[in-house]
Amino acid sequence: MAVRSIVISGDPVLHSPASPVDDFGDELRVLVQDMFETMDAAPGVGLAAPQVGVPLRLFTYSYVDDDDHSWRGVAINPELWITPVPAGEADEDEDVEGCLSYPGERFPLLRSTSAILRAVDLDQKPFEIHAEGWLARIFQHEFDHLDGTLYVDRLEHFYAKIAAKVTRKRGWGIPGLDWVPGVDNLED
Ligand code: ZN
(Lines give C-alpha, C1' and ligand atoms only; values in the text may rest on other atoms or scores of the structure.)
Protein backbone atom coordinates (compact mmCIF):
# COMPACT_ATOMS: atom_id res chain seq x y z
CA MET A 1 0.00 0.00 0.00
CA ALA A 2 1.10 3.53 -0.60
CA VAL A 3 -0.01 7.08 -0.15
CA ARG A 4 -0.50 8.52 -3.62
CA SER A 5 -0.07 12.13 -4.67
CA ILE A 6 -3.28 14.16 -4.93
CA VAL A 7 -3.90 16.12 -8.12
CA ILE A 8 -4.62 19.84 -7.72
CA SER A 9 -7.35 21.80 -9.54
CA GLY A 10 -6.36 22.58 -13.12
CA ASP A 11 -5.33 19.13 -14.26
CA PRO A 12 -7.62 17.73 -16.98
CA VAL A 13 -8.18 14.50 -15.02
CA LEU A 14 -10.18 16.53 -12.48
CA HIS A 15 -12.24 18.34 -15.08
CA SER A 16 -13.32 15.47 -17.34
CA PRO A 17 -15.90 12.71 -16.78
CA ALA A 18 -14.37 9.46 -15.52
CA SER A 19 -14.97 6.04 -17.12
CA PRO A 20 -16.91 3.15 -15.57
CA VAL A 21 -14.87 0.45 -13.85
CA ASP A 22 -15.00 -2.83 -15.77
CA ASP A 23 -11.87 -4.60 -14.53
CA PHE A 24 -12.32 -5.76 -10.93
CA GLY A 25 -8.88 -7.37 -10.72
CA ASP A 26 -5.88 -6.90 -8.45
CA GLU A 27 -5.02 -3.49 -9.86
CA LEU A 28 -8.37 -2.12 -8.67
CA ARG A 29 -7.83 -3.62 -5.19
CA VAL A 30 -4.44 -1.94 -4.92
CA LEU A 31 -5.94 1.35 -6.11
CA VAL A 32 -8.69 1.20 -3.48
CA GLN A 33 -6.23 0.32 -0.70
CA ASP A 34 -4.03 3.23 -1.75
CA MET A 35 -7.04 5.56 -1.88
CA PHE A 36 -8.02 4.64 1.69
CA GLU A 37 -4.45 5.23 2.83
CA THR A 38 -4.20 8.53 0.97
CA MET A 39 -7.61 9.73 2.25
CA ASP A 40 -6.66 8.88 5.85
CA ALA A 41 -3.23 10.52 5.53
CA ALA A 42 -4.60 13.74 4.03
CA PRO A 43 -6.81 13.54 6.15
CA GLY A 44 -10.13 13.67 4.32
CA VAL A 45 -13.65 12.25 4.57
CA GLY A 46 -13.73 11.25 0.90
CA LEU A 47 -11.48 10.72 -2.09
CA ALA A 48 -12.38 10.09 -5.72
CA ALA A 49 -10.11 8.17 -8.10
CA PRO A 50 -9.57 11.16 -10.46
CA GLN A 51 -7.99 12.94 -7.47
CA VAL A 52 -5.13 10.43 -7.57
CA GLY A 53 -4.95 10.75 -11.35
CA VAL A 54 -7.04 7.68 -12.21
CA PRO A 55 -10.03 8.52 -14.47
CA LEU A 56 -12.35 5.81 -13.13
CA ARG A 57 -15.77 6.01 -11.48
CA LEU A 58 -15.12 5.14 -7.85
CA PHE A 59 -14.64 6.94 -4.56
CA THR A 60 -13.80 6.09 -0.96
CA TYR A 61 -15.45 7.70 2.06
CA SER A 62 -14.88 7.64 5.81
CA TYR A 63 -17.08 9.58 8.16
CA VAL A 64 -18.40 9.21 11.73
CA ASP A 65 -21.84 10.78 12.11
CA ASP A 66 -23.41 12.51 15.12
CA ASP A 67 -24.76 9.17 16.38
CA ASP A 68 -21.21 7.73 16.35
CA HIS A 69 -22.05 5.52 13.40
CA SER A 70 -18.98 4.96 11.25
CA TRP A 71 -19.51 5.14 7.48
CA ARG A 72 -16.50 3.81 5.61
CA GLY A 73 -16.29 2.12 2.27
CA VAL A 74 -15.74 2.29 -1.44
CA ALA A 75 -18.44 3.10 -4.00
CA ILE A 76 -17.68 1.73 -7.47
CA ASN A 77 -19.73 2.78 -10.52
CA PRO A 78 -22.06 4.74 -8.23
CA GLU A 79 -25.43 6.24 -9.00
CA LEU A 80 -26.78 9.07 -6.87
CA TRP A 81 -30.28 10.42 -6.34
CA ILE A 82 -30.68 13.69 -4.46
CA THR A 83 -33.49 15.81 -3.11
CA PRO A 84 -33.69 19.39 -4.43
CA VAL A 85 -31.06 21.77 -3.10
CA PRO A 86 -32.69 24.01 -0.47
CA ALA A 87 -33.44 27.59 -1.47
CA GLY A 88 -31.49 30.43 0.06
CA GLU A 89 -27.85 31.19 0.66
CA ALA A 90 -25.13 28.91 1.98
CA ASP A 91 -24.38 29.36 5.68
CA GLU A 92 -20.78 30.38 6.39
CA ASP A 93 -20.63 28.05 9.41
CA GLU A 94 -22.96 25.15 8.62
CA ASP A 95 -22.36 24.67 4.91
CA VAL A 96 -18.60 25.03 4.62
CA GLU A 97 -16.95 22.50 2.35
CA GLY A 98 -13.36 21.69 1.40
CA CYS A 99 -11.59 19.54 -1.20
CA LEU A 100 -8.23 17.76 -1.19
CA SER A 101 -7.76 18.91 -4.80
CA TYR A 102 -8.25 22.51 -3.67
CA PRO A 103 -6.23 22.11 -0.47
CA GLY A 104 -6.24 24.43 2.51
CA GLU A 105 -9.32 26.36 1.36
CA ARG A 106 -12.95 26.17 2.45
CA PHE A 107 -16.07 27.79 0.99
CA PRO A 108 -19.80 27.64 1.81
CA LEU A 109 -22.00 25.71 -0.58
CA LEU A 110 -25.62 24.62 -0.32
CA ARG A 111 -26.18 20.91 -0.96
CA SER A 112 -29.15 18.59 -0.94
CA THR A 113 -29.79 17.32 2.57
CA SER A 114 -30.71 13.76 1.48
CA ALA A 115 -29.19 11.41 -1.04
CA ILE A 116 -29.48 7.78 -2.06
CA LEU A 117 -26.24 6.15 -3.17
CA ARG A 118 -26.27 2.93 -5.17
CA ALA A 119 -22.96 1.31 -6.09
CA VAL A 120 -21.02 -1.95 -6.01
CA ASP A 121 -18.11 -2.91 -3.79
CA LEU A 122 -14.81 -4.59 -4.74
CA ASP A 123 -16.61 -7.94 -5.04
CA GLN A 124 -19.16 -6.34 -7.38
CA LYS A 125 -21.80 -6.73 -4.70
CA PRO A 126 -24.47 -3.99 -4.98
CA PHE A 127 -25.30 -1.86 -1.96
CA GLU A 128 -27.48 1.14 -1.22
CA ILE A 129 -27.11 3.87 1.40
CA HIS A 130 -29.76 6.43 2.33
CA ALA A 131 -27.68 9.38 3.46
CA GLU A 132 -28.66 12.51 5.34
CA GLY A 133 -26.79 15.68 6.26
CA TRP A 134 -23.03 15.60 6.06
CA LEU A 135 -22.87 12.08 4.62
CA ALA A 136 -25.22 13.18 1.84
CA ARG A 137 -22.90 16.13 1.25
CA ILE A 138 -19.84 13.85 1.04
CA PHE A 139 -21.57 11.63 -1.52
CA GLN A 140 -22.56 14.63 -3.65
CA HIS A 141 -19.04 16.06 -3.48
CA GLU A 142 -17.36 12.77 -4.44
CA PHE A 143 -19.94 11.91 -7.09
CA ASP A 144 -19.32 15.32 -8.67
CA HIS A 145 -15.62 14.44 -9.01
CA LEU A 146 -16.59 11.50 -11.26
CA ASP A 147 -18.32 13.92 -13.63
CA GLY A 148 -15.38 16.33 -13.66
CA THR A 149 -16.97 18.88 -11.33
CA LEU A 150 -15.23 20.43 -8.32
CA TYR A 151 -17.19 22.04 -5.50
CA VAL A 152 -15.51 25.35 -6.35
CA ASP A 153 -17.24 25.13 -9.75
CA ARG A 154 -20.59 25.27 -7.92
CA LEU A 155 -19.94 28.27 -5.64
CA GLU A 156 -22.24 31.27 -5.52
CA HIS A 157 -20.85 34.26 -7.42
CA PHE A 158 -19.44 36.02 -4.35
CA TYR A 159 -17.38 32.99 -3.29
CA ALA A 160 -16.54 32.00 -6.86
CA LYS A 161 -14.79 35.34 -7.27
CA ILE A 162 -12.72 34.72 -4.13
CA ALA A 163 -11.87 31.20 -5.33
CA ALA A 164 -10.74 32.57 -8.70
CA LYS A 165 -8.36 34.91 -6.85
CA VAL A 166 -7.05 32.02 -4.72
CA THR A 167 -6.44 29.94 -7.85
CA ARG A 168 -4.40 32.77 -9.38
CA LYS A 169 -2.49 33.55 -6.19
CA ARG A 170 -1.53 29.93 -5.61
CA GLY A 171 -0.61 29.34 -9.23
CA TRP A 172 -3.21 26.60 -9.61
CA GLY A 173 -5.48 26.03 -12.60
CA ILE A 174 -2.75 24.47 -14.73
CA PRO A 175 -2.05 20.78 -15.48
CA GLY A 176 0.44 18.68 -13.58
CA LEU A 177 0.25 20.08 -10.04
CA ASP A 178 -0.11 17.72 -7.10
CA TRP A 179 0.72 17.30 -3.42
CA VAL A 180 1.57 14.35 -1.18
CA PRO A 181 -0.13 14.01 2.24
CA GLY A 182 2.47 13.86 5.00
CA VAL A 183 5.13 15.38 2.71
CA ASP A 184 3.74 18.69 1.44
CA ASN A 185 2.00 21.09 3.79
CA LEU A 186 -0.49 23.14 1.81
CA GLU A 187 -2.36 24.59 4.78
CA ASP A 188 -0.03 27.60 4.92
ZN1 ZN B 1 -12.98 16.98 -3.57
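Residues numbered from 1 in each chain as written. Predicted model: local features only at pLDDT ≥ 70, side-chain atom pairs only at ≥ 80, totals over all residues. Heavy atoms only, no water.

Participant: Tell me what's going on with the pattern of salt bridges, and back it up with residues and numbers.
Facilitator: A complete count under the given rule lists 11 salt bridges for this structure. For the salt bridge of Arg111 with Glu97, the shortest nitrogen-to-oxygen distance reads 2.7 Å. Here the residue Arg111 occupies a position in the loop between β6 (102-108) and β7 (114-120), and Glu97 occupies one in strand β5 (residues 96-99), the gap between them amounting to 14 residues. A relative accessible area of 3% places Glu97 in the buried class. Residues Asp144 and Arg154 are paired through a salt bridge, measuring 2.6 Å at the closest nitrogen-oxygen approach. Taken as a pair, Asp144 in helix α2 (residues 133-146) and Arg154 in the loop between α2 and α3 (157-170) lie far apart in primary sequence, 10 residues in all. The exposure class of Asp144 is buried, given its relative accessible area of 7%. Residue Arg154 is classed as partly exposed on the basis of its relative accessible area, which comes to 44%. (Salt bridge = Lys/Arg side-chain N within 4 Å of Asp/Glu carboxyl O. Helix = DSSP H or I, 4+ residues; strand = E, 2+ residues; numbered from the N terminus. Buried < 20%, exposed > 50% of the residue type's maximum accessible area, 1.4 Å probe, protein only.)

Participant: Describe the nonpolar core, with residues and values.
Facilitator: Leu28, Leu58, Ile76, Tyr102, Phe107, Val152 and Leu155 are the most contacted members of the largest nonpolar core, which has 37 residues in total. Going through the elements one at a time, β1 (6-7), α1 (26-41), β4 (70-82), β6 and α3 are the ones with two or more residues in this core. The element that contributes the greatest number of residues to this core is α1, accounting for 6 residues. If we ignore the near neighbours within four places in the chain, the residues touching Phe107 are Asp95, Val96, Glu97, Tyr102, Tyr151, Val152, Leu155, Tyr159, Ile162, Ala163 and Val166. By size, the runner-up hydrophobic cluster in this structure holds 17 residues, among which are Tyr63, Ala75, Ala119 and Ala131. (Core = buried A, V, L, I, M, F, W, Y, C linked by side-chain atoms within 4.5 Å. Contact = heavy atoms within 4.5 Å.)

Participant: Account for the coordination of the zinc ion, with residues named and values stated.
Facilitator: Coordination of the zinc ion by the protein involves Cys99 (SG), His141 (NE2) and His145 (NE2), with metal-donor separations of 2.0 to 2.3 Å. All donor residues of the zinc ion come from one chain, and their arrangement in sequence is C-x41-H-x3-H. Of this pair, Cys99 sits in strand β5 while His145 sits in helix α2, and the two are 46 residues apart along the sequence. According to the relative accessible area criterion, Cys99 is buried, its value standing at 8%. (Donors = N, O, S within 2.8 Å, 3.2 Å for Na, K, Ca; no water.)

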